[in-house]
Structures are given as C-alpha cells and as structure tokens.
Amino acid sequence: MTDFAHTPETTRIGDLEVRRLGFGAMQLPGPMVWGPPKDPAAARAVLRRAIELGINLIDTSWYYGPHVSNELIKDVLHPYPKDLVLVTKLGGARRDDKSWVSALRPEELREGCETDLRLLGLDRVDVVHLRWIPHTEVPFREALDAMVALQKEGKIRHLALSNVSPAQLHDAMTRATIVGVSNLYNVAHGEKKLGKLPHASTEGQEEIVDLCAKHGMAFLPFFSLAIPGPRRANPAITAIAARKKVTESQVALAWLLARSPAIVPIPGTSSVAHLEENWAARAVHLDAEELREISTARS
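Residues numbered from 1 in each chain as written. Predicted model: local features only at pLDDT ≥ 70, side-chain atom pairs only at ≥ 80, totals over all residues. Heavy atoms only, no water.

### With respect to unusual backbone geometry
A negative phi angle is the norm for most residues apart from glycine, just as the trans form is the norm for most peptide bonds. The omega torsion of the bond from G65 to P66 falls at -20°, within 30 degrees of zero and hence cis. With respect to the secondary-structure elements, P66 resides in the loop between β4 (57-59) and α2 (68-77). Each neighbour pair has its own omega, and for H78 with P79 the value is 0°, a cis peptide bond. Relative to the assigned elements, P79 resides in the loop between α2 and β5 (85-90). Backbone geometry at M32 places phi at a positive 65°, although glycine is not the residue there. By secondary structure assignment, the location of M32 is in the loop between β3 (23-24) and α1 (40-53). (Helix = DSSP H or I, 4+ residues; strand = E, 2+ residues; numbered from the N terminus.)

This is the structure we're talking about:
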C-alpha cells in the first residue's frame, strides 16, 4: 500500500541536509551520454542556474561522458558552495563503442573513486553509491567491502547503494552504514508495468522506498520521469496536469515528493527552462484523491 506522507522541503543524507529535488548530471554530455555537450555554454548555464535556484545536490559519475559531466561541474562550480552535496556512483564503465559495462572488481572501484576525486577536485566525495550491475562475476559483498575500505581511507564520506534488491539492501545494512539508495522508480511505471529490464533492479521498489523512510535513508530515484524509450503515459497525470495548468513532468515529480519524505528526485536536463520547470514542481500540490488516482493508474 502506497503510504503518502507530508512533503518536507529537505531531508538528510547521513549528516548532510539536502533540498528534496536535486540535479542529475547524466544529460550534460553529448548524445548517448558520450562526448562533449552539443552546446557547452548551455550545459554550463544549467549548472549555474541550479545553484542559483537553491539546488544543493548534484548526482554525477566519472563515466558520464566519460569524464565530461565531472569536468563541467568542476569547471563551473569549483570552489564549491559550502552546502553543495556531490553524489557519485561506482561500479560501471564505458567501452569505446559507447556501451555500458560493469566495473565492480575492487581495483576497478578504487580506480573509479580516484578518477572522481581527481576530476571533481576533491579529497573526499560526500556520497558514493555502489552501482550494482547484474550478471557480474563479482560477489556483492566483495564489492561492498571494497567500498567500505575506500570509506575507511577517507575517500568516501557516506556509502549508498544503487540498483539493488531488498535482499541486497538488508545484507549491506548488516555490514556498513548505508545512507541512501538510488534505484529505478517513477510514476509512469509501477513494478507490474516495468517487468524485467536487463540492467535494472525492478522488484521490491515500494519496499525499498519504505525501508529508506523507516531507517532514515534517502531514496534518489533514477529515471524519475520515465525510462528511456517509448513513453508510457499515466492517464491520471495527463488529466491532473491539464486541470492544474502545469506540465505532466511537474505532476510526476510532485507525486514522487508526496510518496515519501525519503525521496529526493534527481531529474536531469541540459536546458535551463526545463530545469526551472522541474524546480517549480515543488509547489504543485496534489490532494489525497489525486494521489490515489495517479497511484491506481501506475500499478
């Protein structure tokens, strides 16, 4: 049962307070998250405007580009605002053919961490997700223990998980302090509609959202508006957006913010106008009946 809570403006990730709408840097590089942006000036403007709006969480990774998103973030924002929380993820990599592959061996995780630190100009990253990629030969605990080792060395402030199952989250919580989860979750695709995806954990997401709220962890949904590919419209969202004279994306983000106080959406964009539209979704109020309509159409 979806349990909608009040919508506080901030939440905590470990000892860090963040506003409950961040910015995902995945769309800053060029097409297919590869190479430089089509419009470098626009990409820089988006980062500057994010800070001006009050966004204080940016989600990125060394393999976005590769290197491109991190280089842009450092070039535009360094020295960083004191309250800015930089969130990265380790466990993936890119091949020259632009494909996405796992990089979960301890030495690969270490190399990725060092790359993030170098590109971002940091001695320690605020929050680092272990991005689990299925069908790897590396045991989950081996990868997690490698992340714990990096934390003990002072390279990582807080540990989080990405693309994990409830069982993996429970296991990790017995071995380390986990401050958050970043999984595929959005209003357009309930678990039944998602089915099986080759590179994403799709089962047990409602359980994980509720576990995060219960244990004081943040939940950062990736693909928070829709998964790539054909858009699957939620008819309730379409109707509510028309009635309120807002966009469907704003209604979708408002639903996420209402779903749980643990949720921190991190929609990405390369457009200042779209960034401002996303930020304005915080002011969209959905009443209990509207929330029920959206959730029913989603499942």
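### A look at the layout of surface pockets
To locate leftover empty space, one rolls a probe as large as a water molecule over the atoms. Approximately 260 Å³ is the volume found for the second largest pocket. Lining the second largest pocket we find 14 residues, and of these T7, L257, A281, R282 and V284 sit closest to its centre. Among the elements that line the lining of the second largest pocket, the one with the most residues is helix α9 (residues 248-259), at three residues. For the lining of the second largest pocket, a count of residues per class yields nine nonpolar, two polar and three charged. (1 Å grid on protein atoms, 1.4 Å probe; cavity = no way out; pocket = protein on both sides within 12 Å on 5 of 7 lines; lining within 4 Å. Points joined across faces, edges and corners; volume = space filled by probe spheres on them. Nonpolar A, V, L, I, M, F, W, Y, C, P; charged D, E, K, R; others polar.)

### Observations concerning the sheet that holds β4
Taken in spatial order, the seven strands line up as β3-β4-β5-β8-β9-β10-β11 in an open sheet, and their pairing is parallel. The open sheet is flanked by β3 and β11 (218-219), the only strands paired with a single partner. Where strand β10 (residues 178-182) meets β11, two bridges bridge the pair, whose relative direction is parallel. Bridge pairing links V181 to F219 in β11. (Pairing = 2+ DSSP bridges.)

### Here we look at the pairing of strand β9 (residues 156-162)
For a regular strand, the rule is simple: side chains alternate between the two faces of the sheet. The buried fraction of β9 is high, at six of seven residues. Where strand β8 (residues 125-131) and β9 come together, six bridges link them in parallel fashion. Opposite V125, over in β9, you have I156 as the bridge partner. Regarding the hand of the β-α-β motif, the stretch spanning β8, helix α4 (residues 140-152) and β9 is right-handed. (Buried < 20%, exposed > 50% of the residue type's maximum accessible area, 1.4 Å probe, protein only. Right-handed = clockwise from strand over helix to strand, strands pointing away.)

### Some words on the side chain of N56
Inspection of the secondary structure puts N56 in the loop between α1 and β4. With a relative accessible area of 3%, N56 lands in the buried category. Separated by 3.2 Å, the side chain of N56 and the backbone oxygen of E17 make a polar contact. Separated by 2.9 Å, the side chain of N56 and the backbone nitrogen of R19 make a polar contact. (Polar contact = N/O pair within 3.5 Å; in protein donor to acceptor, adjacent residues only side chain to side chain.)

### Focus on the environment of L109
In this fold, L109 is placed in helix α3 (residues 106-120). Residue L109 is classed as buried on the basis of its relative accessible area of 0%. With 65 residues separating them in the primary sequence, L109 and T174 have C-alpha atoms 21 Å apart.

### Section: α3
For α3, built from 15 residues, the straight-helix expectation of 21 Å at 1.5 Å per residue is met to within 8% by its first-to-last C-alpha distance of 21 Å. All of the buried residues in α3 are L109, G112, C113, T115, D116, L117, L119 and L120. Elements in contact with the buried residues of α3: α2, β5, β8, α4 and β9. Of the residues trailing α3, G121 is marked for its positive phi of about 70°. (Expected span 1.5 Å × (residues − 1). Contact = heavy atoms within 4.5 Å.)

### Here's the deal with the side chain of S224
When you line up the elements, S224 lands in the loop between β11 and α8 (235-244). S224 sits in the buried class, given a relative accessible area of 4%. Contacts of S224, omitting those with residues within four sequence positions, involve Y185, N186, L253, L256, I266 and P267.

These figures capture arrangement, not role.
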